[in-house]
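# Examination of the molecular architecture
Okay, here's what each chain looks like letter by letter:
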Amino acid sequence: MESTKMERLTFDERLEALGPELKSLYMELYHDDEKAYSYFIDMLRRSYEARSEQLKVRDENRQQNPDWYKGCDLVGMLMYVDCYGGNLEGVRQKLDYLRDCHVNYLHLMPLLESPEGKSDGGYAVSDFRKVQPSLGTMEDLALLSRDCHQRGMVLCLDFVMNHTSEDHIWAKKAREGDISCQERYFFYDNWDIPNEYEKTVPQVFPTTAPGNFTWCEEAKKVVMTTFYPYQWDLNYANPVVFNDMTENMLFLCNQGVDVIRLDAVPYIWKELGTNCRNLPQVHTLVRLMRLSCEIVCPSCLLLGEVVMEPSKVVPYFGSVEKPECHLLYNVTTMATTWHTVATHDVKLLRHQLGQVFALPREYTFLNYLRCHDDIGWGLDYDFLKNFGSDEVAHKKFLNDFLTGKWAGSPSRGELYNDDPRLGDARLCGTTASLCGLESARKEGDQWKIDWAIRVDLMLHAYMFTLSGIPVLYSGDEIGQENDYTYHDNPLKAADSRYLHRGAMNWEAAERRLDPGSVEGRLFAGLREIEIVRTTHRVFNAGADVWLMDTWDDGVLAIGRYYEGEKLAAYFNFAEQEKWVRVDTPGEFYNLKTGEKIGDDSICLPPGGYIWLFAEFE
Ligand code: GLC
């Protein structure tokens, strides 16, 4: 009667089961600070007691099915509350549109209180218990989450944990000289230690916010600010910070948030003489947060924002026995995909996917083409070197191509944080504009429009072919283009990420049901992809996944097999049409049209794709 027992597991039983590990990790990190630990445990209990009965039922149900997020039935969308619905109530009113998009995982961009003009898009939180007034209230958030849950939707929210806004109450008190609040951050009397740090710590925003420290005039001290100067790094070596921030995280879980995105998590532990990224203590902290969730709110998942090379990303899953994050972004695959769009050559993508496919199936990735951030070119340059590519020159090519500077390139994007010292610019733009739709529409060239639509849909189909959770970027379902109006807004002009953070074009969205319009073609194409994925178990995360050889560097081919279902998927990244060879044509039919495959070769137009499907007894 294992499941009945699971069903009845209470806070105390979960604490008893997980407490020993929790305690030993905590004590090791915080030097046997019994007082801090006992406060921590009381805080966990407090948080559990504050959790609603409804959410506790959700916890029980998910405890019985802990792999609930690992199937293939989740389709995500990432959006800004103000861009989509004006405010939280507006988003709630527009949940039907998301149902039409087949979206059942909603990630709302940061919505907690954050000072206007010094908010980094909401990533500088001044109050972790208050919604930004222009977006609504905590009650609105709880109402939205309730409605989402009733519709079978999952809600994801950021937990901005590396730093607070300079206007957070702790920061305000620190500025006034309160030492215990200064101890929550990294304060220095002079630049000696900060200068030592600068020798080994790279810069996140070299152009828009150079350096990792800022002079605080009021306190007459230097404070650590890895991101923007108004985002003060929290000092997690202080257990008070960890206790209070974990309480803030659990508060969000208690509002009905199902997925907590751990923002900038690799940065949360600092050590002089290191690069202050991915230090071992970060993993201890993430494991402690995971245990806290498992004890207080086991239905909640942790999504780590680890925008790093693969060798740094995978450890955030933890081990199978001692897991850390439930979900991680498939970031290198994303960047490699755009590399492939620009080069029309799938060699690197095959190499990258080969590594992802070799990972344990327990590791669930969140797959995406675009998100609110820039695309950083963290590619495998050692591999590219084999083909004569030099890192700096290659980044320049990618940026030239995707900004449309390269002759004949249809893409339209903008550079982000161009660091001329390192030749290291990153890139911004919407999926549609990067796929060439914006330029093609401007030219009014139907052939180019058709091509751009094909590329756009092919990229989505390929993303939906991968195991994990596919997450769309709001507006992509109707091919929303870059928004250049941010150039005229002094609060945004310096940050080109606003290029792809435009308001949802509801007028264009009206055309989504018109099959002749661009919006209609993309919307229908995507729906088809979504329906196929969620109704065929071959897309399940438990499937075998492998790369198939196409003997052609323009065409990517992926195979999948799960419980008698087989998929052979082909994607033409080349600029020319390609013939692909199917080994056993008689087995397959075209998943979209239902047609039997008779021939052993199939022609794909540039940007074309095909999903072949076979079923076995
Ligand atoms: C994350 C966010 C990014 C933000 C940064 C600082 O990387 O995705 O938008 O600027 O954290 O909070």
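Residues numbered from 1 in each chain as written. Predicted model: local features only at pLDDT ≥ 70, side-chain atom pairs only at ≥ 80, totals over all residues. Heavy atoms only, no water.

### Brief notes about the packing of aromatic side chains
For the structure shown, the criterion picks out 39 aromatic pairs. Taking 5.4 Å as the distance between ring centres and 75 degrees as the angle between the ring planes, the aromatic pair formed by Tyr329 and Tyr368 counts as edge-to-face. Note that Tyr329 is positioned in strand 13 (residues 327-329) and Tyr368 in strand 14 (residues 364-368), a separation of 39 residues in sequence. With a relative accessible area of 9%, Tyr329 lands in the buried category. For Tyr368, a relative accessible area of 7% translates into the label buried. Both rings, one in Tyr561 and one in Phe616, keep their centres 6.5 Å apart while their planes meet at 40 degrees; by these two values the pair is tilted. Here Tyr561, found in strand 19 (residues 555-562), pairs with Phe616, found in the segment after strand 24 (609-615); they are 55 residues apart in sequence, far enough to count as distant. On the basis of relative accessible area, Tyr561 is assigned to the partly exposed category, the value being 31%. Through successive ring pairs, a cluster of aromatic residues spans Phe205, Phe227, Tyr228, Tyr230, Tyr267 and Tyr416. Across from the ring centre of Trp68, 3.7 Å away, lies the NZ or CZ of Arg62, which sits over that ring. (Phe/Tyr/Trp six-rings, centres within 6.5 Å; stacked < 30°, edge-to-face > 60°. Helix = DSSP H or I, 4+ residues; strand = E, 2+ residues; numbered from the N terminus. Buried < 20%, exposed > 50% of the residue type's maximum accessible area, 1.4 Å probe, protein only. Lys NZ or Arg CZ within 6 Å of the ring centre and 35° of its normal.)

### Considering the nonpolar core
Grouped together as the largest cluster of nonpolar side chains are 195 residues, with contacts concentrated most on Leu108, Leu262, Trp338, Phe571 and Trp611. Considering every element that reaches this core, the biggest residue donor is helix 21 (residues 446-465), with twelve residues. Setting aside its immediate chain neighbours within four residues, Leu262 contacts Phe159, Met161, Met249, Val286, Met289, Leu302, Leu303, Gly304, Glu305 and Cys325. With 14 residues, the next largest nonpolar core counts Ala568, Tyr570, Val582 and Ala614 among its residues. (Core = buried A, V, L, I, M, F, W, Y, C linked by side-chain atoms within 4.5 Å. Contact = heavy atoms within 4.5 Å.)

### Quick word on unusual backbone geometry
Only a minority of non-glycine residues have a phi that is not negative, and only a minority of peptide bonds are not trans. Positive phi outside glycine occurs at Cys276, with the angle close to 60 degrees. Within the secondary structure, Cys276 is located in the loop between strand 11 (259-262) and helix 13 (280-296). Exposure remark for Cys276: the relative accessible area of 3% places this residue in the buried category. Located in the positive-phi region is Glu563, a residue other than glycine, with phi close to 40 degrees. One can find Glu563 in the loop between strand 19 and strand 20 (565-572).

### Notes on the packing of helix 21 against helix 23 (residues 518-535)
When two helices pack together, their arrangement is given by the angle between their axes and by how far apart the axes lie. Running from N to C, helix 21 and helix 23 cross one another at 20 degrees; their axes reach a closest spacing of 10 Å. For the element pair helix 21 / helix 23, the angle class is roughly parallel. The hand of the helix 21/helix 23 crossing is right-handed. Residues Gln446, Ile449, Asp450, Ile453, Asp456, Leu457, His460, Ala461 and Phe464 of helix 21 form the contact with helix 23, whose own contacting residues are Val518, Arg521, Leu522, Gly525, Leu526, Ile529, Glu530 and Arg533. (Axes fitted to C-alpha atoms, helices over the stretch in contact; angles between N-to-C directions. Parallel < 35°, antiparallel > 145°, perpendicular 65-115°, else oblique. Left-handed = near helix turned anticlockwise from the far one by under 90°.)

Without other data, these values stay purely geometric and don't point to any function.
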